[in-house]
Amino acid sequence: MTQPILEVRDLKVSITEKPDIQIVKGIDLTIRPGEIHALMGPNGSGKSTLASTIAGSPTYKVDSGSILFRGEDVTAATADARARMGIFLSFQYPTPIPGVTMVNLMRESLKARRGAEVPAREFLAELRATLAKLKMSEDMARRYVNDGFSGGEKKRAEILQMGLLKPDLAILDETDSGLDVDALRTVSEGVNALRTSDMGVLIITHYERILNYIEPDFVHILVGGRIVTSGGFDLAKRVEHEGYDPILKELGIASAETPVAEGAAR
Amino acid sequence: MATSTAHYAEAAAVEAARGRGEPDWLINARAEAARAFAATSMPAPSLRPWKYTDVTALDIEAFAPDAAFAPRMTGTAPAGGFAGTLAAGLATHSEVVREYLGAVVQGTEGKFTAANAAQWREGVLVYAPRGKAFDAPVTVHVDGREGAIFPRILIVAEAASEVSIILRTSSTAAALLVAGVIEVVAQADSRVRLLVDTRWGAATQEFTTLRAKIGRGADVQVGTIALGGLIVKHTVEALMEGEGSTSRIRGVAVGDKEQHFDFVTLQELIGPKSTSEVEIKTALAGASRSIYYGLTRVETTALGASANQENRNLLLSPRAKADADPVLEILTNEVIRCGHGATVGPLDKDALFYLQSRGLDMRQSLTLLVTGFFQSVLSGLDAPGLVEELETALREKLATAELT
Ligand SMILES: Nc1ncnc2c1ncn2[C@@H]1O[C@H](COP(=O)(O)OP(=O)(O)OP(=O)(O)O)[C@@H](O)[C@H]1O
Ligand SMILES: [Mg+2]
């Protein structure tokens, strides 16, 4: 079998500044080239924490377990090293950076990803092509990063960057939230257009909607820092129609409302 | 150092002025300033603008004045105007010099200004006559060596004139004391721009006072980018005398190692509907520090005035330090807006992670964040080529700045 893009092995994660609070409590996840995985779960279940940890956020600390990217252990690698290797996180809440234009950031990040200067002309051509794929205007690229962007604009700007950086693993953390119906279609079609057969995608979402455009091969349900069940697209549809409780009841788990931050649980 | 001390004595100052062939009125002013220098003690830390920059142990007289110092200048004045040394201007525009030199910043005000008034050589005069505009910025390059230098700049913009000056300062690694005075007279409806590019060597200590008297409808903008120097203390004062006068004082400093920046601003709103903005931003690495003391005083006559003071400091290393002390004194109820804001803090962790998640390493992310932080100041300076050059210098400085 081909080597997985991402392998998460028995990963346990706590907050760096509050090490006694463990949020991710043992997750295994394997994403192979071309696969699309959806991660669903109630608010506060640890989805973004997992995503940030895979991307290398210093806010979180890996207590045990490991993260392998294309077979290489990156558990201790810096966020920027991971990004240059090809991990991309589309943030649930993209950070505004006043004074830094999108163009400036994208030029720098493309240079970093390629490990070489990108000639201005080539960069502009790629930027224009990606903007066109996502039906976005050039004005967006001249603005300061996420500064004063509407919720939807922020999400589009994330996908624009993904399109330019051409990652091998794209983690889309609630990229669908905040997008209107048309924007959701455009962005989803954009993601599909940007996808390649060796790319792995992890879509974090609360809704079936985006999955109708980007159809997942696997759906995982995260509750209280653990993947409690996995399945196909049907599972996402079931969540959408029934909520989490019936699924949890079948599994013999009390309720999705169980607080996750219950203290040390090692 | 007895030999140096002698230079600061009244007799020496007068003799040197005579030797340069200065007119009597100026020789008298030199004598008065030298007496004031002798009679005045160093400003004490009990004075609010000097609270964090203790100069009581600094002995000005231990720094011998550099007799060969002369600023280099380029720029062409419009007909009837002047851009050259004060020494030359004394010959061709004696009335202008006599009327305004020392009229804005008196030679008897304080220790540093007295030293300057008694000791300045060559100097700079930029004179824009009524209704005339300079085609291009006048550039003044002050390049110090060692000892002490006393840059003296007089800018006179008559009614409805326009002038822009770029002042670049540099020095060697030798110990240098700089006591500068910049006087700006901006008459009705004139526009004056001054951009100061401060890149002193690592052992230079600078104490400069800039004061502008701003007339009806006149607009004065002063921008400082401070990268070099050991101690850089700039006191920038805008006297908003005329109705509808406007001023903007902006500054950016990047500190590293033991650098010490001290910005003092005064916005004195006197004329009705006068407006004044101050924005000072610093990014501090190593054990560098920045001090900001800003006073906005709105006089009873300043009906409908508005003013703002902003001071933002980014600490790039745990050893860096910033103190901000913005003060408002509002003597009329009829102000439109009068605000101040000051912040001191580290880089935004989320912003850092965001940039790192795009492949930029720690240093690149920090550099991008800091240049972004300075954009609000840099983008407002209308000197396109120079601003880019400064941004490059700024990035170069950040590339090696001490972050721990
Ligand atoms: N930096 C942090 N400091 C304190 N608590 C945190 C931090 N990051 C996450 N948490 C807590 O960890 C839990 C999981 O948060 P996370 O953001 O991963 O949830 P999520 O599944 O993404 O939720 P949502 O669906 O609302 O986005 C929450 O209880 C959250 O409050
Ligand atoms: Mg989340």
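Rules used throughout
- Residues numbered from 1 in each chain as written.
- Chains lettered and ligands numbered in written order.
- Predicted model: local features only at pLDDT ≥ 70, side-chain atom pairs only at ≥ 80, totals over all residues.
- Heavy atoms only, no water.
- Helix = DSSP H or I, 4+ residues; strand = E, 2+ residues; numbered from the N terminus.
- Contact = heavy atoms within 4.5 Å.
- Donors = N, O, S within 2.8 Å, 3.2 Å for Na, K, Ca; no water.
- Buried < 20%, exposed > 50% of the residue type's maximum accessible area, 1.4 Å probe, protein only.
- Buried area = accessible area lost by both parts, 1.4 Å probe.
- Salt bridge = Lys/Arg side-chain N within 4 Å of Asp/Glu carboxyl O.
- Polar contact = N/O pair within 3.5 Å; in protein donor to acceptor, adjacent residues only side chain to side chain.

On to the environment of B:Leu314, then. All names here are of chain B. Residue position: Leu314 is located in strand β17 (residues 306–315). As for Leu314 and Ala202, which are separated by 112 residues in sequence, their C-alpha atoms are 21 Å apart. When sequence neighbours within four positions are dropped, the list of residues in contact with Leu314 reads Thr282, Ala283, Leu284, Gly345, Pro346, Leu347, Val370 and Phe373.

Let us look at the coordination of the magnesium ion (ligand 2). Residue and element names in this part refer to chain A. Distances from the magnesium ion (ligand 2) to its protein donors, Ser48 (OG) and Gln92 (OE1), fall within 2.0 Å. Linking Ser48 in helix α1 (residues 47–55) with Gln92 in the loop between β6 (87–90) and β7 (97–101), this pair joins segments that are 44 residues apart in sequence. On the basis of relative accessibility, which here comes to 16%, the residue Gln92 falls in the buried class.

With that settled, consider the environment of A:Ala129. You can see A:Ala129 is positioned in helix α4 (residues 120–133). The class of A:Ala129 is partly exposed, set by a relative accessible area of 43%.

Moving on, we get to the interface of chain A and chain B. The partner chain B presents 18 residues to the 31 residues of chain A that form the contact. Together, the buried faces of chain A and chain B total about 1,800 Å²; carbon and sulfur atoms form 67% of this surface. Summed over the three residues of chain A that lose the most area to chain B, namely A:Asp80, A:Phe91 and A:Ile97, the buried surface amounts to 25% of that side. Where chain A touches chain B, the interface holds 1 salt bridge. Measuring nitrogen to oxygen at the nearest pair gives 2.7 Å for the salt bridge that ties B:Arg358 to A:Glu158. On the surface where chain A and chain B come into contact, there are 8 residue pairs in polar contact (both at pLDDT 80 or more). Every element with two or more residues in the side of chain A that touches chain B is listed here: α1, α2 (79–85), β6, β7, α3 (102–114), β8 (144–145) and α6 (151–165) of chain A. The element best represented in the side of chain A that touches chain B is α3(A), accounting for 5 residues.

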